[in-house]
Amino acid sequence: VAGRARGTVFFLTDYGLVDEFAGVVRAAVLRVAPGAPIIDLTHGVTPFDVRAGALALVRAAPHLGPGVVLAVVDPEVGTSRRALAVSVARTTETEGPQHFVGPDNGLLPWAVDALGGVECAVALTSPRGGTLDDASAPGATFDGRDLFAPVAGRLWQGSSLTELGAEIDPGSLVRLADPRVSTTSGALAAEVLWVDRFGNVQLAARPADADAAVLGMELEVIAGAVHRAQRVPTFAALEPGTLGLVVDANGHLAVVCDRQSAATVLQVRAGDLITVRSVAPGCVSR
Amino acid sequence: VAGRARGTVFFLTDYGLVDEFAGVVRAAVLRVAPGAPIIDLTHGVTPFDVRAGALALVRAAPHLGPGVVLAVVDPEVGTSRRALAVSVARTTETEGPQHFVGPDNGLLPWAVDALGGVECAVALTSPRGGTLDDASAPGATFDGRDLFAPVAGRLWQGSSLTELGAEIDPGSLVRLADPRVSTTSGALAAEVLWVDRFGNVQLAARPADADAAVLGMELEVIAGAVHRAQRVPTFAALEPGTLGLVVDANGHLAVVCDRQSAATVLQVRAGDLITVRSVAPGCVSR
Amino acid sequence: VAGRARGTVFFLTDYGLVDEFAGVVRAAVLRVAPGAPIIDLTHGVTPFDVRAGALALVRAAPHLGPGVVLAVVDPEVGTSRRALAVSVARTTETEGPQHFVGPDNGLLPWAVDALGGVECAVALTSPRGGTLDDASAPGATFDGRDLFAPVAGRLWQGSSLTELGAEIDPGSLVRLADPRVSTTSGALAAEVLWVDRFGNVQLAARPADADAAVLGMELEVIAGAVHRAQRVPTFAALEPGTLGLVVDANGHLAVVCDRQSAATVLQVRAGDLITVRSVAPGCVSR
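Criteria and thresholds
- Residues numbered from 1 in each chain as written.
- Chains lettered and ligands numbered in written order.
- Predicted model: local features only at pLDDT ≥ 70, side-chain atom pairs only at ≥ 80, totals over all residues.
- Heavy atoms only, no water.
- Buried < 20%, exposed > 50% of the residue type's maximum accessible area, 1.4 Å probe, protein only.
- Helix = DSSP H or I, 4+ residues; strand = E, 2+ residues; numbered from the N terminus.
- Pairing = 2+ DSSP bridges.
- Least-squares fit on C-alpha atoms with pLDDT ≥ 70 in both.
- Contact = heavy atoms within 4.5 Å.
- Buried area = accessible area lost by both parts, 1.4 Å probe.
- Salt bridge = Lys/Arg side-chain N within 4 Å of Asp/Glu carboxyl O.
- Polar contact = N/O pair within 3.5 Å; in protein donor to acceptor, adjacent residues only side chain to side chain.
- Core = buried A, V, L, I, M, F, W, Y, C linked by side-chain atoms within 4.5 Å.
- Axes fitted to C-alpha atoms, helices over the stretch in contact; angles between N-to-C directions.

1. Quick notes on the pairing of strand E14 (residues 253-257) of chain B
The two faces of a sheet get side chains in turn, since along a regular strand they alternate between them. Residue and element names in this part refer to chain B. Counting buried positions along E14 gives five out of five residues, so the element sits mostly inside the fold. Neither face of E14 is exposed, since Leu253, Val255 and Cys257 on one face and Ala254 and Val256 on the opposite face are all buried. Strand direction decides the pairing type here: strand E10 (residues 201-203) and E14, joined by two bridges, are antiparallel. Residue pairing across strands places Val201 opposite Val255, the latter belonging to E14. For strand E13 (residues 243-247) and E14, the ladder comprises five bridges, and the chain directions are antiparallel. Note on E14: the bridge partner recorded for Val246 is Ala254. The turn linking E13 back onto E14 is made up of five residues, and Gly251 within it adopts a positive phi angle of 80 degrees.

As structure tokens, then:
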């Protein structure tokens with residue numbers, strides 16, 4: 001309780017909210033770190049979808065204050081995959097989280113990079129006294145509760161990384177394939193990163209990609225079928241039922257539809273590749 | 001951190017809990033107001049359903065302690081709709097929230113009225129330095145994170161309304177149409193306000209409306225088809241599978257069914273109009 | 001605010017997260033106990049499923065720190081069923097919750113037993129001044145908000161049980177039927193306790209039951225159809241698409257399938273009875 005402010009424990013998983021998994025992990029953090037504020041980022045990541053979890057973390061990262069990020073999307077739990085705690089190489093003006101905790105499967109690096117990169121990384125030593133290869137112990141399957149939560153609590157309390165595991169080469173962390181974007185004159189092709197609750201279709205592309213592709217204001221979006229769309233500054237600039245290309249709140253290009261699901265119109269989901277191209281001037285009147 | 005207790009930030013949206021929206025907004029509140037307790041009222045409001053959000057707020061309002069209500073159901077985000085912070089005209093004996101923050105679309109006024117009415121209202125100045133009409137900025141579409149959360153945090157910290165925007169006429173706030181209720185001798189017609197998880201059907205009518213309609217104990221509920229029902233003091237007084245009219249925990253009349261969904265029996269949803277009428281004495285034996 | 005640390009309010013219900021029920025109860029706790037940290041264990045218990053709620057509580061119990069457990073799965077709300085507050089008979093070395101609050105329908109005792117048993121139990125006096133039989137009062141149907149939350153808050157504040165109700169015989173608490181397990185040489189039959197988000201099928205049986213049944217490494221799981229399975233130390237030891245019998249993170253036997261839903265493969269759900277038996281050596285090669 002005494003001491004300087006330690007910030008918040010930010011918590012993201014694919015546990016869902018129907019089972020008590022997330023609740024038990026919150027309790028496990030508090031056993032080690034009484035008084036720690038715990039903020040759920042989300043527990044709605046699709047089960048085992050490490051890429052979706054990593055993308056949610058990187059979207060959230062710029063908006064987080066000081067503290068520890070505890071992230072668990074961990075299809076390889078119980079194997080010899082490493083468990084990580086990482087500190088962020090921060091410049092003095094940043095005020096985001098100092099530490100990330102989670103499995104070594106690509107979940108963490110994008111968000112850590114967005115905040116300044118990995119300063120130091122350790123492979124966590126199992127709290128069961130052995131290594132994580134010691135997977136034959138009963139209960140080996142809930143590292144969120146038994147390993148990551150106590151480590152997050154200890155980091156919040158002020159433990160140093162080197163008390164928690166053996167230092168490893170930051171370059172050795174597992175990394176996911178970069179999101180796919182490519183541009184030609186008049187068109188860009190981009191991976192769908194995310195379809196949100198409202199059906200907005202976030203693309204891997206950013207405004208600079210639209211500039212590189214010299215996209216006009218009248219567009220076609222090709223996702224199997226071809227759909228007409230317009231570049232608009234905001235949802236509300238769209239006619240009802242029409243598609244628009246906006247810069248979304250994360251600085252990505254997104255295909256949207258005012259008060260409707262663009263994803264349903266386009267019939268796309270995360271991971272799909274779609275093309276956006278300028279309509280030739282002669283066709284605008286169609 | 002020092003100073004008097006500032007109460008709680010009560011948080012309601014239509015963001016759902018699958019995406020990280022609500023999590024990022026919680027983090028954004030804490031960046032401005034470290035240490036603020038944040039209580040989720042719900043994030044399960046049907047997307048864009050301002051009326052459902054307003055009704056949830058007004059049901060919750062009498063049970064909230066001191067603090068700030070942050071509510072975002074905002075289909076017009078990015079347009080020139082105003083963004084509000086409002087203080088509550090409270091009598092000395094009340095101890096509820098002092099401030100409400102959210103869009104000017106009818107979401108807030110019912111709950112504010114239930115606590116004493118609007119004392120002062122301001123139209124928020126955009127944190128982007130311009131006004132909210134300045135919607136062409138990238139990222140203009142997440143006011144929950146970029147505008148409402150920081151404002152809620154600053155109010156929790158003790159900022160005054162006039163630091164946050166320009167005072168406006170409380171009478172100019174957008175208001176939703178009143179819920180529909182009408183009574184005749186022997187019958188009442190009322191809007192369905194809410195179907196809850198358990199299938200209970202909350203009506204806009206209150207016990208005084210039942211009195212005005214001189215409703216008896218044996219009833220018919222008309223929602224397309226005609227259903228028999230009884231006035232009962234509690235769920236448990238119902239025979240299995242039968243419908244009852246109760247006074248619910250918000251002081252509204254509600255059509256319920258013990259351990260079953262009355263909404264499924266009646267085939268109704270929020271916004272429907274249903275009629276409840278006394279059964280003529282000669283028909284009671286049917 | 002002053003005084004010793006009071007721990008956490010751990011909160012479990014079948015309210016779901018779409019309606020504002022859980023949010024209003026959190027607010028009601030804070031009105032009585034400003035500053036209390038509230039941790040949601042889950043609100044995703046199947047509506048009215050007391051057994052599922054009791055099982056979630058007993059799974060969570062060993063991982064909770066000091067504080068008060070507030071649990072509400074209460075199909076008989078509004079009847080004369082008793083409302084309880086219970087203290088835990090703890091040995092000095094344990095550090096879990098001191099108190100449990102909830103309905104007297106079997107929801108609490110398993111978890112209390114897991115922590116040391118009931119030390120003292122009281123039947124709560126209604127905050128409406130009467131007894132809980134006084135169900136004719138308007139709003140009698142939300143005891144979570146109006147009775148259990150304030151009681152949990154008062155216990156967190158330091159109230160004694162006897163301030164809150166009349167002491168009752170701990171032996172009189174309603175208890176659920178024990179989960180079903182039976183063993184013979186070469187086979188065990190066990191109730192499915194829980195199917196989690198990942199489709200893992202937790203059985204009432206524990207490793208000692210497998211020992212008693214002298215289960216081998218090659219198994220058949222009988223749930224209507226007969227399925228081959230292997231005893232494995234961890235998910236990752238399974239071939240893709242094959243079933244395994246593991247000791248899960250709660251110390252129960254569970255039928256699992258690597259990155260697939262074992263429940264879907266077996267077509268089972270909570271409450272079903274399944275049999276696990278050794279394959280005769282002559283059949284292993286099949």
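There's plenty left to go through after this.
2. A word on the relation of the copies chain B and chain C
Between chain B and chain C, the superposition needs a rotation of 120 degrees and an axial shift of 0.0 Å, giving an RMSD of 0.0 Å. Each copy turns onto its partner about a three-fold axis. By residue overlap, the copies meet through two different surfaces: only 12% of the interface positions of chain B are interface positions in chain C.

3. A closer look at the interface of chain B and chain C
Across the contact, 32 residues belong to chain B and 34 residues belong to chain C. Surface buried jointly by chain B and chain C totals about 2,500 Å² across both partners, of which 61% is contributed by carbon and sulfur atoms. Counting the surface chain B buries against chain C, the share from its top three residues, His63, Arg197 and Phe198 of chain B, is 26%. Put simply, chain B and chain C have one salt bridge between them. The closest approach of N and O atoms between Glu20 of chain C and Arg59 of chain B, which form a salt bridge, is 2.6 Å. In this structure, the connection of chain B to chain C is made through 11 residue pairs in polar contact (both at pLDDT 80 or more). It is strand E2 (residues 38-42) of chain B that provides the largest number of residues to the side of chain B that touches chain C, a total of four residues.

4. What to know about the nonpolar core
By size, the foremost hydrophobic cluster in this structure holds 70 residues, and its most contacted members are Leu57 and Phe100 of chain B together with Tyr15, Leu70, Val101 and Leu124 of chain C. Counting residues per element, this core draws most heavily on helix H1 (residues 21-32) of chain C, at eight residues.

5. Description of the relation of the copies chain B and chain A
It takes a turn of 120 degrees to lay chain B on chain A, together with a shift of 0.0 Å along the axis; the resulting RMSD is 0.0 Å. Residue by residue, only 12% of the interface of chain B is reproduced at the interface of chain A, so the copies engage with different surfaces.

6. Topic: the environment of Pro240 of chain B
Here Pro240 of chain B lies in the loop between strand E12 (225-231) and E13. For the pair formed by Pro240 of chain B and Gln260 of chain B, sequence separation is 20 residues and the distance between their alpha carbons is 8.5 Å.

7. Quick look at the interface of chain B and chain A
Each partner contributes to the interface: chain B provides 34 residues, whereas chain A provides 32 residues. Of all residues in chain B, Glu20, Arg31 and Thr141 of chain B give up the largest surface area on contact with chain A, accounting jointly for 23% of the area buried on that side. Across the chain B-chain A interface, the total number found is one salt bridge. Between chain B and chain A we count 11 residue pairs in polar contact (both at pLDDT 80 or more) in total. Here the side of chain B that touches chain A takes eight residues from helix H1 (residues 21-32) of chain B, the largest share from any one element.

8. A look at the sheet that holds strand E3 (residues 67-72) of chain C
With mixed pairing, seven strands are arranged side by side in an open sheet as E2-E1-E3-E5-E4-E6-E7 (chain C). Two strands bound the open sheet, and with one partner strand each, they are strand E2 (38-42) and strand E7 (165-168) of chain C. When strand polarity is set aside, the average angle formed by the axes of neighbouring strands in this sheet is 25 degrees. Sheet topology places strand E1 (residues 8-13) of chain C next to E3 of chain C; six bridges connect them, and they run parallel. By the bridge assignment, Phe11 of chain C is partnered in E3 of chain C with Leu70 of chain C. Sheet strands touched by helix H1 (residues 21-32) of chain A: E1 and E2 of chain C. Its angle to E2 of chain C, the strand with the most contacts, is close to 145 degrees.

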